[in-house]
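Coordinate inspection notes
For reference, the chains in residue letters:
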Amino acid sequence: MSDGREPAIAAHFYRIPRISGLIVGIWPQHPRPCHAQILFIFALAVVLMGAVGEILYGFVHLNNLVIALEAFCPGTTKAVCVLKLCVFFGSHRRWHEWVHRLRGMLWSNRQEKGQQMLVGLSTIANRLSLLLLCSGTMTNTAFNLQPLIMGLYRWMSQLPGQIELPFNIILPTFVVQQPLFPFTYVLLTASGACTVFAFSFVDGFFLCSCMYICGGFRLVQQDIRRVFADLHGDTVEVFTESMNVDIRQRLGVIVERHNAIIDLCTDLTRQFTVIVLMHFLSAAFVLCSTILDIMLNTSSLSGLTYICYTVAALTQLFLYCYGGNHVSESSAAVADVLYDIEWYKCDARTRKMILMILRRSQRAKTIAVPFFTPSLMAFGSILSTTGSYITLLKTFL
């Protein structure tokens, strides 16, 4: 497949996160177009406005837990999204270089079996990213439709009118009165939409990156098996000198690729440390708040809104844990493949080389941040912690 055509993975590479990233102007590209900078400034401004106003509203209304939680939930999510937007915009050149290195690694393998495996992993990542985008969009839509539905109901029932915004937020009085009220409503709708696209891009980018790194480790496993399968080792008891030389040469290429994948994983961890840490620290609180909102809210519309919010929050957390889990498992699996090959037929020099690769592979790579390592076990622990918070808070209600 050296005819210059794009590999199969090219059509699936960051398909869903790329769309969201372009909308808010933070998709890694260099040089950055002028319109991308304008989109970023607008997205950052409206999300920051929502985060500050909603968190302040929550503190002002702490005497009413339901109202406070209805402000803290979206406010906290938007505050974390502000961080995500700033991290990606500030490091856009490094992210561009990182994506270029990753693309080169995935494009270099033209084996049909390897490309099928990469497409399968990319499909899973893009589908989960689409699930996050859809659940976030449904949540934002529910927030924006709820005041309109309630206003229509009051009008049909001939009840007194009442000014309501999509989110509980502190704003200057003049912007919630005519003639600026419609503009303010649209601006808050845009704030919610930009929040959805921001976390859809960043969280989806993380998951896709983890799955591609996982694919890189699996390609290494395939290459190691192929080195020994090509020698027809079943027909000989001990590899000849020429066979050992060929094994060492091919393993040397694999070692370089393995090191490049490990470097990609290390750089991804370094760039995502703050994002993952803040997301995990806020995850239990957001989940606890949304579930309490469902339990305490007497309005069926609000309950439906926070059901959508819970699905989105759980999907966000699951994406981080699912991606981190795949990286650590695929990294450790390289050592299992090395142990299962016919290393005992090699000479001492080749065995030492295999042993060095084995020792490094046994130290599985993880997306480790202070206090947390994204994994399915961590996902279960956070859900357990959320349940404990809910039980504790219910004792005060």
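What you are looking at is a predicted structure, and each value in this text was computed from that prediction instead of being measured.

A word on the overall build of the chain. A tally of regular secondary structure across the chain gives 10 helices and zero strands. Walking the chain from its N terminus toward its C terminus, one meets helices and strands in the order α-α-α-α-α-α-α-α-α-α. A principal-axis box enclosing the C-alpha atoms of the chain has dimensions of 90 × 50 × 35 Å. Per-residue burial over the chain gives 51% buried out of 397 residues. For the chain, contacts bridging at least 24 residues in sequence account for 82% of all contacts bridging at least 6.

With that out of the way, let us pick up the pattern of salt bridges. Considering all chains together, one arrives at 10 salt bridges under this definition. As a salt-bridge pair, arginine 226 and aspartate 223 come within 2.7 Å of each other at their nearest N and O atoms. Here aspartate 223 and arginine 226 lie together in helix H6 (residues 181-229), a separation of three residues that amounts to about one turn. Judged by relative accessible area, which is 24%, arginine 226 ranks as partly exposed. Given the relative accessible area of 10%, aspartate 223 is considered buried. A salt bridge links arginine 250 to aspartate 246; its shortest N-O distance comes to 3.7 Å. With a gap of four residues between them, arginine 250 and aspartate 246 both fall in helix H7 (residues 241-296), about one helical turn apart. Judged by its relative accessible area of 27%, aspartate 246 falls in the partly exposed class. A single salt-bridge network, built from bridges that share partners, covers Arg101, Asp267 and Arg270.

Where helix H2 (residues 34-60) meets helix H3 (residues 65-90), the closest approach of the two axes is 7 Å, and the angle between their N-to-C directions is 150°. Taken as axis vectors, H2 and H3 run roughly antiparallel relative to one another. As for the relative orientation of H2 and H3, their crossing is left-handed in sense. A per-class count over the contact of H2 with H3 returns 20 nonpolar, four polar and two charged.

Taken as a whole and assessed by the stated rule, the structure comprises zero disulfides. Looking at cysteine 86, it has no disulfide partner, and the nearest cysteine sulfur is the one in cysteine 81, 11 Å off.

For the rest of this paragraph, the subject is the packing of aromatic side chains. Ring pairs (aromatic) are described by centroid distance and by the angle formed between their planes. All chains considered together, the criterion is met by 31 aromatic pairs. Consider the rings of phenylalanine 13 and tyrosine 212, whose centres lie 5.2 Å apart with planes at 25°: the pair is stacked. Of the two residues, phenylalanine 13 sits in the segment before helix H1 (15-23) while tyrosine 212 sits in helix H6, which places them 199 residues apart along the sequence. Comparing phenylalanine 13 with tyrosine 212 shows no difference in burial state: the two are buried. Judged by centre distance (3.8 Å) and plane angle (5°), the ring pair of phenylalanine 40 and phenylalanine 89 falls under stacked. One end of the pair, phenylalanine 40, is in helix H2; the other, phenylalanine 89, is in helix H3, and 49 residues separate them in sequence. Phenylalanine 40 gets classed as buried once you look at its relative accessible area, which sits at 6%. Classification of phenylalanine 89 by relative accessible area gives partly exposed; the value is 24%. Between the NZ or CZ atom of lysine 78 and the centre of the ring of phenylalanine 167, over which it lies, the distance is 3.7 Å.

With an omega dihedral of 0°, the bond running from histidine 30 to proline 31 counts as a cis peptide bond. Structurally, proline 31 is set in the loop between H1 and H2. A cis amide bond, omega 5°, links glutamine 178 with the succeeding residue proline 179. Within the secondary structure, proline 179 is located in the loop between helix H5 (112-156) and H6. The backbone of tyrosine 14 sits at a positive phi, close to 50°, despite the residue not being glycine. Of note, tyrosine 14 is situated in the segment before H1.

Another aspect to go through is the nonpolar core. Core analysis: the largest hydrophobic core is formed by 105 residues, its most contacted members being Tyr14, Phe88, Trp98, Leu102, Leu106, Phe205 and Phe272. Ignoring anything within four residues of it in the chain, the contact list for leucine 106 reads Ile9, Phe13, Gln115, Leu118 and Tyr212.

So, on to H6. With 49 residues, H6 extends 71 Å between its outermost C-alpha atoms, agreeing within 8% with the 72 Å of an ideal straight helix rising 1.5 Å per residue. Burial within H6 is extensive, with 38 of its 49 residues counted as buried.

Residue position: asparagine 126 is located in helix H5. Measuring from C-alpha to C-alpha, the distance between asparagine 126 and tyrosine 339 comes to 33 Å, with 213 residues separating the pair along the chain. Reaching out from asparagine 126, the side chain makes a polar contact with the backbone nitrogen of isoleucine 16 at a distance of 3.1 Å.

Our focus in this paragraph is a nonpolar patch on the surface. Side chains of Leu48, Val52, Leu56, Val60 and Ile170 sit close together on the surface and give an oily, nonpolar patch of about 410 Å² of accessible area. Position of leucine 56 relative to the elements: it lies in helix H2. Overall, leucine 56 belongs to the partly exposed group, its relative accessible area being 44%.

Quick notes on the rules
Residues numbered from 1 in each chain as written. Predicted model: local features only at pLDDT ≥ 70, side-chain atom pairs only at ≥ 80, totals over all residues. Heavy atoms only, no water. Helix = DSSP H or I, 4+ residues; strand = E, 2+ residues; numbered from the N terminus. Buried < 20%, exposed > 50% of the residue type's maximum accessible area, 1.4 Å probe, protein only. Contact = heavy atoms within 4.5 Å. Salt bridge = Lys/Arg side-chain N within 4 Å of Asp/Glu carboxyl O. Axes fitted to C-alpha atoms, helices over the stretch in contact; angles between N-to-C directions. Parallel < 35°, antiparallel > 145°, perpendicular 65-115°, else oblique. Left-handed = near helix turned anticlockwise from the far one by under 90°. Nonpolar A, V, L, I, M, F, W, Y, C, P; charged D, E, K, R; others polar. Disulfide = S-S within 2.5 Å. Phe/Tyr/Trp six-rings, centres within 6.5 Å; stacked < 30°, edge-to-face > 60°. Lys NZ or Arg CZ within 6 Å of the ring centre and 35° of its normal. Core = buried A, V, L, I, M, F, W, Y, C linked by side-chain atoms within 4.5 Å. Expected span 1.5 Å × (residues − 1). Polar contact = N/O pair within 3.5 Å; in protein donor to acceptor, adjacent residues only side chain to side chain. Patch = residues over 30% accessible without salt bridge, like charges linked within 9 Å, V, L, I, M, F, W, Y side chains within 5 Å. Areas by Shrake-Rupley, 256 points an atom, 1.4 Å probe, with all protein chains shown as cover.

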